[in-house]
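# An overview of the molecular structure
Here are the chains, one letter per residue:
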Amino acid sequence: MLVKANHLWDRYRKGDKLAFEQIYFKHVNLLYDYGIRISRNVPLVEDCIQDLFSDLWEKRLQMNTVHSVKSYLLVSIRRRIIRRLSSERENAFQNQQEIYNYAQDFDPDLSESIAEEKLLHLSKAFAKLSDKQKEVIYLRFYSQLSYEEIADVMSVQVKAIYKLMARAIHSLRTHISIPILELFLFAIIAT
């Protein structure tokens, strides 16, 4: 799969519009979902995605090869949104709060499959995680990125990602019973 993605990237860099469209359609929903978790400002996220792909097309001849197209695009959209939020906000502290304004909602399909009481316990435990722990869980289990790709997206070392994940799982285990945690992890991995 990585070879195919990189093959598409190479074709896009050479000006292949079909390859560019395939990259777009393969990743646009993931970028939107991730962007909305960074900022609830839907028009801003949509503009950033549009600007990202416009710039990618315009600068295709200057683009380098990438190890992972998915992680490259996630890093790019994250930086764009943060830059836009920074330019719209004067107070950097308020900006950081907006950057990590994650939704506490779970996938509706998942919500229907878990008893409401268990979901409530899970939501409360999830709310106690730090913003970065939530982001690591999202990128690992929902976006299915490797720890190395997550480190690239979050601009930290891989070791820090392992620590964040371990602390997040420890916190979840502390705040909810083990069967609910196992159900949660199973549900995440299954999606």
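In what follows, the accompanying structure is described. (Residues numbered from 1 in each chain as written. Predicted model: local features only at pLDDT ≥ 70, side-chain atom pairs only at ≥ 80, totals over all residues. Heavy atoms only, no water.)

### Things to note about the packing of helix H2 (residues 17–38) against helix H8 (residues 131–142)
Filter applied, for reference: Here an axis means a line fitted to C-alpha atoms, over the contact stretch when the element is a helix, while the angle between two N-to-C directions is reported on a 0 to 180 degree scale. Here a helix means four or more residues in a row that DSSP labels H or I, a strand means two or more in a row labelled E, and each is numbered from the N terminus. Geometric relationships in this document are graded by angle, where less than 35 degrees denotes roughly parallel, more than 145 denotes roughly antiparallel, 65 to 115 denotes roughly perpendicular, and other angles denote oblique. Residue contacts are counted whenever heavy atoms from the two residues lie within 4.5 Å of one another. Classification used: nonpolar for Ala, Val, Leu, Ile, Met, Phe, Trp, Tyr, Cys and Pro, charged for Asp, Glu, Lys and Arg, polar for all others including Gly.
At a minimum axis separation of 12 Å, H2 and H8 run at an interaxial angle of 170°. The angle between the axes of H2 and H8 places the two elements in the roughly antiparallel class. Along its contact with H2, which presents Leu 30, Asp 33, Tyr 34 and Arg 37, the element H8 presents Glu 135, Tyr 138 and Leu 139. Partitioning the contact of H2 with H8 into residue classes produces 4 nonpolar, no polar and 3 charged.

### Focus on the pattern of salt bridges
Going by this rule: For salt bridges, the criterion is a side-chain nitrogen of Lys or Arg within 4 Å of an Asp or Glu carboxyl oxygen. Note on classification: 1.4 Å probe, protein chains only; a residue is buried when its accessible area is under 20% of the maximum for its type, exposed when over 50%, partly exposed between these limits.
On inspection of all chains with the given rule, the structure shows 7 salt bridges. For Asp 47, the salt bridge goes to Arg 84, with nearest N and O atoms at 3.8 Å. Taken as a pair, Asp 47 in helix H3 (residues 42–58) and Arg 84 in helix H4 (residues 69–88) lie far apart in primary sequence, 37 residues in all. The partner of Glu 135 in a salt bridge is Arg 78, and the shortest N-O contact between them spans 3.0 Å. Of this pair, Glu 135 sits in helix H8 while Arg 78 sits in helix H4, placing them 57 residues apart in sequence. Neither residue differs from the other here; Glu 135 and Arg 78 are each classed as buried. Because the salt bridges share partners, they merge into one network encompassing Asp 47, Asp 51 and Arg 84.

### Some remarks on the nonpolar core
What counts here: As used here, the term nonpolar core means buried Ala, Val, Leu, Ile, Met, Phe, Trp, Tyr and Cys residues forming a set that is joined through side-chain atoms within 4.5 Å.
Phe 53, Leu 56 and Leu 139 are the most contacted members of the largest nonpolar core, which totals 49 residues. If you list the elements that add at least two residues to this core, you get helix H1 (2–13), H2, H3, H4, helix H7 (116–127), H8, helix H9 (147–154) and helix H10 (158–175). For this core, the element with the most residues is H2, which contributes 9 residues. In contact with Leu 139, other than residues within four places in its own chain, are Tyr 34, Leu 74, Gln 144, Leu 145, Ile 150, Val 153 and Met 154.

### Here we look at the environment of Ser 130
By the secondary structure assignment, Ser 130 is in the loop between H7 and H8. Using a relative accessible area of 33% as the deciding quantity, one classes Ser 130 as partly exposed. In this structure, the C-alpha to C-alpha distance between Ser 130 and Leu 164, residues 34 residues apart in sequence, is 9.1 Å.

### Some remarks on H3
What counts here: The span you would expect from a helix comes to 1.5 Å times its residue count less one. Here the arc refers to the set of directions running from the helix axis out to each C-beta atom.
Compared with an ideal rise of 1.5 Å per residue, which puts 17 residues at 24 Å, H3 spans 24 Å between its outermost C-alpha atoms and is within 8% of the ideal. The complete set of buried residues in H3 reads Leu 44, Val 45, Cys 48, Ile 49, Leu 52, Phe 53 and Leu 56. Projected down its long axis, H3 shows its buried positions confined to an angular sector of 160°, all on one face. What points out from H3, more than 90 degrees from its buried face, is the exposed set Pro 43, Gln 50 and Glu 58.

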